[in-house]
Amino acid sequence: IGIIVPDIGNFFFADIVQKIEELLFEKNYATIICNTTRNSSKEKAYLKMLESKMIDGLIVISGTEQFDPGNIKPDFPLICIDRMPKNPESTVFISSNHYQGAFEATELLLSKGCKNLCVALHRKTASASIERLEGFINALKKNNIQYNEKNNLLYLAAENPNNKISVTKNYLQDNPDIDGIFAVNDNLALILMDILPQLGRDIPSDIKLIGFDDTPGAYYSSPKLSSVKQNTMRIAERAVYSLLNIINGNKNLIDRYQVEPVQIILRESTN
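Residues numbered from 1 in each chain as written. Predicted model: local features only at pLDDT ≥ 70, side-chain atom pairs only at ≥ 80, totals over all residues. Heavy atoms only, no water.

**Some details on the overall build of the protein**
Then, in step 1: Each helix and strand counted, the protein has 9 helices and 12 strands in total.
Then, in step 2: Here the C-alpha atoms of the protein give a radius of gyration of 20 Å, agreeing with the 18 Å that 2.2 N^0.38 yields for 271 residues.
Then, in step 3: For the protein, the spread of C-alpha atoms along the principal axes amounts to about 55 × 35 × 35 Å.
Then, in step 4: Put simply, 68% of the contacts in the protein that link residues at least 6 apart link residues at least 24 apart.
Then, in step 5: If you sum the accessible surface of the protein, you get close to 12,900 Å²; carbon and sulfur atoms cover 48% of it.
Then, in step 6: Side chains of the protein give 29 positive and 32 negative charges; the mean places of these two sets differ by 2 Å. (Helix = DSSP H or I, 4+ residues; strand = E, 2+ residues; numbered from the N terminus. Rg over C-alpha atoms; globule rule 2.2 N^0.38 Å. Contact = heavy atoms within 4.5 Å. Areas by Shrake-Rupley, 256 points an atom, 1.4 Å probe, with all protein chains shown as cover. Lys, Arg positive; Asp, Glu negative; His and termini not counted. Charge placed at Lys NZ, Arg CZ, Asp CG, Glu CD.)

**Considering the packing of helix α3 (residues 98-111) against helix α4 (residues 127-142)**
Geometrically, a packed helix pair is captured by the angle between its two axes and the distance between the axes.
Then, in step 1: Packing of α3 against α4 leaves a shortest axis separation of 7 Å and a crossing angle of 40 degrees. Considering the angle they form, α3 stands oblique to α4. Of the two elements, α3 crosses α4, and the hand of that crossing is right-handed. Here α3 contributes His98, Tyr99, Ala102, Phe103, Thr106, Glu107 and Leu110 to the contact with α4, which in turn contributes Ala128, Glu131, Arg132, Glu134, Gly135, Phe136, Asn138, Ala139, Leu140 and Lys142.
Then, in step 2: In terms of residue class, the contact of α3 with α4 is made up of 8 nonpolar, 4 polar and 5 charged. (Axes fitted to C-alpha atoms, helices over the stretch in contact; angles between N-to-C directions. Parallel < 35°, antiparallel > 145°, perpendicular 65-115°, else oblique. Left-handed = near helix turned anticlockwise from the far one by under 90°. Nonpolar A, V, L, I, M, F, W, Y, C, P; charged D, E, K, R; others polar.)

**Section: unusual backbone geometry**
Then, in step 1: The omega torsion of the bond from isoleucine 203 to proline 204 falls at 10 degrees, within 30 degrees of zero and hence cis.
Then, in step 2: Within the secondary structure layout, proline 204 lies in the loop between α7 (186-198) and β9 (208-212).
Then, in step 3: In this structure, the amide linkage connecting serine 222 to the following residue, proline 223, adopts the cis form with an omega of 0 degrees.
Then, in step 4: Checked against the element boundaries, proline 223 lands in the loop between α8 (216-220) and β10 (226-230).

**Concerning the sheet that holds strand β12 (residues 262-265)**
Adjacent strands of a sheet form backbone hydrogen bonds with each other and so pair up, either parallel or antiparallel.
Then, in step 1: A sheet is described by the order of its strands in space; here 6 strands give the open sequence β7-β6-β8-β9-β10-β12, paired in mixed fashion. The sheet is open, and its two edges are formed by β7 (153-155) and β12, each paired on a single side. Taken over all neighbouring pairs, the strand axes of this sheet differ in orientation by 20 degrees on average, direction set aside.
Then, in step 2: Direction of pairing for strand β8 (residues 180-183) relative to β9: parallel, over a ladder of 3 bridges. Residue pairing for β9: phenylalanine 182 is matched across the bridge by isoleucine 210.
Then, in step 3: Sitting on the sheet, helix α6 (residues 164-174) is in contact with β6 (117-121) and β7, with an inclination near 160 degrees to β7. (Pairing = 2+ DSSP bridges.)

**Focus: the environment of serine 52**
Then, in step 1: Positionally, serine 52 belongs in helix α2 (residues 40-52).
Then, in step 2: Residue classification places serine 52 among the exposed residues on the basis of a relative accessible area of 55%.
Then, in step 3: Sequence separation between serine 52 and threonine 37 is 15 residues, and the spatial gap between their C-alpha atoms is 21 Å.
Then, in step 4: Separated by 2.6 Å, the side chain of serine 52 and the backbone oxygen of methionine 49 make a polar contact. (Buried < 20%, exposed > 50% of the residue type's maximum accessible area, 1.4 Å probe, protein only. Polar contact = N/O pair within 3.5 Å; in protein donor to acceptor, adjacent residues only side chain to side chain.)

**Thoughts on the packing of aromatic side chains**
Then, in step 1: All told, the structure shown has 7 aromatic pairs when counted by the stated rule.
Then, in step 2: Consider the rings of phenylalanine 136 and tyrosine 147, whose centres lie 6.3 Å apart with planes at 85 degrees: the pair is edge-to-face. Here the residue phenylalanine 136 occupies a position in helix α4, and tyrosine 147 occupies one in the loop between α4 and α5 (149-152), the gap between them amounting to 11 residues.
Then, in step 3: Among the aromatic residues, those joined into a ring-pair cluster are Phe136, Tyr147, Phe182 and Phe212.
Then, in step 4: Above the face of the phenylalanine 212 ring, arginine 132 is positioned so that its terminal group lies 3.7 Å from the ring centre.
Then, in step 5: Of note, lysine 224 hangs over the ring of tyrosine 219, and the distance from its end group to the ring centre comes to 3.9 Å. (Phe/Tyr/Trp six-rings, centres within 6.5 Å; stacked < 30°, edge-to-face > 60°. Lys NZ or Arg CZ within 6 Å of the ring centre and 35° of its normal.)

This is the structure we're talking about:
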């Protein structure tokens, strides 16, 4: 089974890949793991290589664009996790409920007394980030708070990793009343947890902070980071179950669109 992943160094992706590999191994399937480093040319090259290996099935995990299977036949066993397929009618799509997680995380900040919120984002193209942004915006709307990108979006571009301190400083100078931040992933939240005290903002007394993914760093940070937990084991189980049923000709046993609930993990950063 081929597995295409955008960044094997990312804890969330690595965790899912490891669980999928273990489940497939129990079913006597070997895996070929291809790390694209978010490079579309590299992804296309890996697809050609996997096709030449005559793999039995393919699992694609995340990415910033719809997944284009290229020359792979429409009936080929294919699972997309957190990445919309170009041909959804012939592909199984599995995802956490990113919208739900973002909505509940935003409402949590509001319930803790935050009145001026922002969302921290580093990519505007990934489907998961788009859903999380939408959940944030709609939670504000539900609470009669108008979303304004200038005031409610802290954009820490992934393409410019070295200027996050200056961008955050400028944002807080322009929006001094910000008292709650929803970061669309834990990596961003942990970066902000390092930056904010340098700018004289204490967590959680000045600014409350919540992330997404519940990575190990969330527990070991100081203060400990509240986060939205994805059920990686259930996602892996869904992916393997669906893939093997397609391989064995049991397509009628699976749903084409599968969404897994998430859970808020409360820690010190939102106290």
